[in-house]
Structures are given as C-alpha cells and as structure tokens.
Amino acid sequence: SSPDAIVGKTLDGQIVSWNRAAERLYGYRQNEVIGMSASILFGHEEREQSGRHLELMKHGEQLEALELERKRKDGTT
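For clarity, every value in this text was computed on a predicted model and none was experimentally measured. (Residues numbered from 1 in each chain as written. Predicted model: local features only at pLDDT ≥ 70, side-chain atom pairs only at ≥ 80, totals over all residues. Heavy atoms only, no water.)

## With respect to the nonpolar core
The biggest cluster of nonpolar side chains holds 10 residues, and these are Ile15, Trp18, Ala22, Tyr26, Tyr28, Val33, Ala38, Ile40, Leu41 and Phe42. Of all elements in the fold, only β2 (15-18) and α1 (20-26) reach the threshold of two or more residues within this core. (Core = buried A, V, L, I, M, F, W, Y, C linked by side-chain atoms within 4.5 Å. Buried < 20%, exposed > 50% of the residue type's maximum accessible area, 1.4 Å probe, protein only. Helix = DSSP H or I, 4+ residues; strand = E, 2+ residues; numbered from the N terminus.)

## Considering the confidence of the model for the protein
When pLDDT is averaged across the protein, the result is 87; 90% of the residues are at 70 or more. For the protein, per-element mean pLDDT is lowest for helix α3 (residues 44-58), which scores 72, and highest for β2, which scores 98. (pLDDT = per-residue confidence, 0-100.)

## A word on the packing of aromatic side chains
This model, assessed by the stated rule, comprises two aromatic pairs. Taking 5.5 Å as the distance between ring centres and 40 degrees as the angle between the ring planes, the aromatic pair formed by Trp18 and Tyr26 counts as tilted. Across this residue pair, the class does not change: Trp18 and Tyr26 are buried. Both rings, one in Trp18 and one in Tyr28, keep their centres 6.5 Å apart while their planes meet at 80 degrees; by these two values the pair is edge-to-face. Here the residue Trp18 occupies a position in strand β2, and Tyr28 occupies one in the loop between α1 and α2 (30-33), the gap between them amounting to 10 residues. Like Tyr28, Trp18 is buried. (Phe/Tyr/Trp six-rings, centres within 6.5 Å; stacked < 30°, edge-to-face > 60°.)

Written as structure tokens, this is what we have:
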C-alpha cells in the first residue's frame, strides 16, 4: 500500500517483488518482471555501475546515497 515504488531483488539482481507503485512508475505489471533481471530498468552505463554495486554489497560494503536514472517500459527515463 506504499505510495513509493518498492522493488525487491536478490543480490544477483533478479526481481522478486514489485508493488503497485512500481507498476505505475515503470509501466511494467508485476507478472511481467518477477524473475527478470532488474537491469531492464537501467541504461547501459548503469548496468555496469549496478554490477559493481552488487559486488560491493555481496562483500558487506555499505554504499553511500546514490542518484540513479531508471528506464520505464516505454523507454523514457
């Protein structure tokens, strides 16, 4: 029931949960994205950056606040 988009993913980047606010924001329905890679939401540069972030998190590193751009289903950011 959160008004904020909440996307749950594994440390490998697989989407495991997706709320209604995420549906509204990104344009994908939950049944379209569960089990997919979260990289569908990233541009090319952010795919590489996300991989580095995931590796840091796997090793227990804490990330500072990040400002990232995401892609909607229609390709807009």
